[in-house]
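In case you want the letters, here they are:
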Amino acid sequence: MNMIVCLKQVIDPETPPASFKIDPQSNKIVPPPGIAPVLDPYSEYALEAALRIKDAKGGKITALSLGSDLVREVVKKPLAMGADELVLLEDEAFTEGDSWSTAYALAMAIKKLGDYDLIFCGRQAADWDAGQVGSAIAELLGLPSVTVAQKIDISDGQARVERVTDDGYEVIEVPLPALITVSNELGEVRYPNIRGIMAARKKEPIIWRPADIGVDASELGAAGRRTRLLKLWLPVREGKCQMIEGDSPEEQAVNLALKLREAKLL
Amino acid sequence: MAESKGVMVYAEASQDKLSAITRELMGCARKLADDLGEGLSAVLVGSDVASLAQEAIALGADRIYVIDDRLLKDYQTDAYVAVMGKLAQQVTPRIIILGQTAVGRDLAPRLAFRLETAATLDCVELAIDADSRRLLATRPVYGGNALATFTTESQPQIVTIRAKAFSPAEPDTSRQGEVTTIEAGLRPEDIRTKLLERVTEEVEGIRLEEASVVVSGGRGIGSAQGFKQLEELAKLLKGALGASRPPCDNGWVSEHLQVGITGKIIAPDLYIAVALSGSSQHLSGCSGAKNIVAINKDPEANIFRAASWGIVSDWKRVLPAFSDKVEELVSG
Ligand SMILES: Cc1cc2nc3c(=O)[nH]c(=O)nc-3n(C[C@H](O)[C@H](O)[C@H](O)COP(=O)(O)OP(=O)(O)OC[C@H]3O[C@@H](n4cnc5c(N)ncnc54)[C@H](O)[C@@H]3O)c2cc1C
Ligand SMILES: Nc1ncnc2c1ncn2[C@@H]1O[C@H](COP(=O)(O)O)[C@@H](O)[C@H]1O
């Protein structure tokens, strides 16, 4: 079983809202000082899904990340968790892309890698929450896809996938090769162990530039965008909260109930 | 290709009725169509869906496209992308709008890539730019920490809308519209996936998305037992129970109770948030609530920035007294 997992490096999504700043002039996020980037948590679920299959059936996992200034400790984490190989699409030309240019480059890299049974992506990346790259890669490579998976079983060249729906889940059978996007309902993601961390330290990533995957810079990153970002801003929260006082928590509770009654909410 | 014109809505139905999201889709799409001075169409895809056409017309569609085929009985990516792709090439709409549902979030991006255009998912605001006549699509990004407006130069422009973000259309049964039937032209072998089973989680009492009062707990509740107290309060208020992500991950409550960007998006009249900090990801799911009450021992908790009323105290002491008083008030 050959598996490819796409993992994105992002600004830590658990950055406290108060530290989250943007630069309205350039329409860009100001990286929160002192908070290191992390792997997109949904990408980690995608990797975990692949690792579970490898644990059960064996196989090879190639991790694939696209960006520039990729922090080695961050993008090498998949190796520490149990992936076998790491390919980085690292070049200035890859950055500032949208779902189109990102998916296009990833799809071309996957084509070059060639031999695969399953491709995994996160359901969405925790920075722009776009939720498109997985489906896009599948469309570009002509593969069947199942999105928002919470469980995957492999048998007889097929994947049986539980796909999360609005009020439960459905079980879908898909022939391989296929692309699957994974959701947090998959359950806990493993921590790298010491042996994995040591192994990862010794392994060097393979780095591909645009020419290595045979694409023109005009198709990549900012140049290849099909959606234009016009405006980026922070939502205003009014901060009109009325604090309910009282001599004890019990008295505060009673006062709150009375307030809500007064407001006709009870 | 012909000039792109008009707004097209992908109408969703369940149990032989148009879904709530479809009314919201029609509400916002009608406005966009009027702003453009162009027509509004709705697409019904499925098996035995033709009977819903009148309902969609009443909600504001000028034209209905019905694609009815046994092979379309259940949503399957290959089948639905194929028929929607063909229809879009034939009709060349300027804009296609879908709901950000299990179906919409799967169909929209793949359809966009098939049509070599771009999609913007989970929009909370849509407008037409007067000069360029392009769609301006606004959506939360960075887990709800920021908002962004996007536009696309390629056509059709495809977007999905978040539940509860747009006002639903009011049905008007005197409205007239045309119904066009389109051949699906599908062969069974075009559909590579197979739906084996659909499992629906049974909910006791009122559904979270429909409740007018929601009592929601966070990591600070600490246990499944703690949630029992919240559940009792929810019952007393004829509301539903909700949770932030940690209680779901820890198995204190069902994962279907998660409110937030990766959970349910709700807009009750009253949201009582107990011992949860109010992360952006959580607020994404409940900031549509008309009134938020926060109970948290940390006065700096972010939830107070979104709340109308707050209590800074230990919930374990606040909640019993609050429940007692509520019981007295609602029974009295
Ligand atoms: C990609 C991504 C998606 C996510 N999606 C979601 C989502 O859909 N929904 C969601 O909820 N989260 C989501 N999260 C997680 C989110 O970032 C937060 O980690 C989470 O919402 C925190 O939950 P919490 O507020 O319950 O816990 P905490 O942040 O730990 O807050 C606990 C609060 O309880 C208070 N407290 C503790 N004890 C007491 C007491 N005795 N009395 C009163 N108050 C007390 C504390 O002061 C604190 O404010 C997501 C995260 C990521 C990265
Ligand atoms: N730059 C990237 N490098 C590697 N994988 C990516 C990248 N961008 C997106 N992905 C993958 O696609 C998923 C969905 O991303 P998106 O469509 O951008 O929300 C992510 O969870 C990743 O698995």
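Residues numbered from 1 in each chain as written. Chains lettered and ligands numbered in written order. Predicted model: local features only at pLDDT ≥ 70, side-chain atom pairs only at ≥ 80, totals over all residues. Heavy atoms only, no water.

This part covers the state of the cysteines. Scanning the entire structure with this criterion turns up zero disulfides over all chains. No disulfide involves A:Cys121; its nearest neighbouring cysteine sulfur is the one of A:Cys6, lying 3.9 Å away. B:Cys123 takes part in no disulfide bond, and the closest cysteine sulfur, belonging to B:Cys28, lies 9.1 Å away. According to the relative accessible area criterion, B:Cys123 is buried, its value standing at 0%. (Disulfide = S-S within 2.5 Å. Buried < 20%, exposed > 50% of the residue type's maximum accessible area, 1.4 Å probe, protein only.)

So, on to unusual backbone geometry. Of note, the amide linkage connecting A:Leu176 to A:Pro177 takes the cis form, showing an omega dihedral of 0°. As for its position among the elements, A:Pro177 is in the loop between β11 (168-175) and β12 (178-182). A cis amide bond, omega 0°, links B:Gln155 with the succeeding residue B:Pro156. Of note, B:Lys164 is a non-glycine position whose phi angle comes to about 70°, a positive value. In this structure, B:Lys238 takes a positive phi of about 55° despite not being glycine. Relative to the elements of secondary structure, B:Lys238 occurs in the loop between α5 (224-236) and β15 (240-243). (Helix = DSSP H or I, 4+ residues; strand = E, 2+ residues; numbered from the N terminus.)

Ranked by internal contacts, the top residues of the largest apolar core, which has 56 residues, are A:Leu256, A:Leu260, B:Tyr271, B:Val274 and B:Phe322. The element contributing the most residues to this core is helix α9 (residues 315-331) of chain B, with seven residues. Apart from residues no more than four positions distant in its own chain, A:Leu256 is found in contact with A:Ile244, B:Val293, B:Ile295, B:Trp309, B:Ile311 and B:Phe322. Residues A:Ile61, A:Ala83, A:Ala159 and A:Ile180 belong to the second largest nonpolar core, which totals 41 residues. (Core = buried A, V, L, I, M, F, W, Y, C linked by side-chain atoms within 4.5 Å. Contact = heavy atoms within 4.5 Å.)

A few words now on a nonpolar patch on the surface. A cluster of nonpolar side chains, namely A:Ile194, A:Ile197 and A:Met198, defines an oily patch on the protein surface of about 270 Å² accessible area. For A:Ile197, the location among the structural elements is in helix α6 (residues 194-202). (Patch = residues over 30% accessible without salt bridge, like charges linked within 9 Å, V, L, I, M, F, W, Y side chains within 5 Å. Areas by Shrake-Rupley, 256 points an atom, 1.4 Å probe, with all protein chains shown as cover. Salt bridge = Lys/Arg side-chain N within 4 Å of Asp/Glu carboxyl O.)

All right, on to the site of ligand 2 then. Residue and element names in this part refer to chain A. Taken together, 18 residues sit near ligand 2, with Cys6, Ala125, Gly131, Gln132 and Val133 positioned nearest. Protein coverage of the free-state accessible area of ligand 2, which is 480 Å², stands at 97%. Listing elements by their share of the shell around ligand 2, those giving two or more residues are β6 (60-67), α4 (99-113) and β8 (118-122). Among the elements that take part in the shell around ligand 2, β6 stands out by supplying three residues, more than any other. A breakdown of the residues in the shell around ligand 2 according to their chemical character gives nine nonpolar, seven polar and two charged. (Near = heavy atom within 4 Å. Nonpolar A, V, L, I, M, F, W, Y, C, P; charged D, E, K, R; others polar.)

Let's shift gears to the packing of aromatic side chains. According to the stated counting rule, one finds six aromatic pairs over all chains in the structure shown. Ring centres of A:Trp128 and B:Phe150 lie 6.3 Å apart, and the angle between their planes is 70°; this geometry places the pair in the edge-to-face category. With A:Trp128 in the loop between β8 and α5 (133-141) and B:Phe150 in strand β10 (residues 146-152), this pair bridges two chains. Taken together, A:Phe20, A:Trp128, B:Tyr142 and B:Phe150 form an aromatic cluster joined through their ring pairs. Sitting above the plane of the A:Trp100 ring, A:Arg226 keeps its charged end 3.7 Å from the centroid. In this structure, A:Lys231 is placed above the aromatic ring of A:Trp233, and the distance from its NZ or CZ to the ring centre is 4.2 Å. (Phe/Tyr/Trp six-rings, centres within 6.5 Å; stacked < 30°, edge-to-face > 60°. Lys NZ or Arg CZ within 6 Å of the ring centre and 35° of its normal.)

Residue and element names in this part refer to chain A. At a minimum axis separation of 9 Å, α4 and α5 run at an interaxial angle of 50°. Viewed along their axes, α4 and α5 adopt a mutual orientation that is oblique. Every pair of crossing elements has a handedness; the one defined by α4 and α5 is right-handed. Residue-level inspection shows Ser99, Trp100, Thr102, Ala103, Tyr104, Leu106, Ala107, Ile110 and Lys111 of α4 in contact with α5, the latter providing Val133, Ala136, Ile137, Leu140 and Leu141. Within the contact of α4 with α5, the residues separate by chemical class into 11 nonpolar, two polar and one charged. (Axes fitted to C-alpha atoms, helices over the stretch in contact; angles between N-to-C directions. Parallel < 35°, antiparallel > 145°, perpendicular 65-115°, else oblique. Left-handed = near helix turned anticlockwise from the far one by under 90°.)

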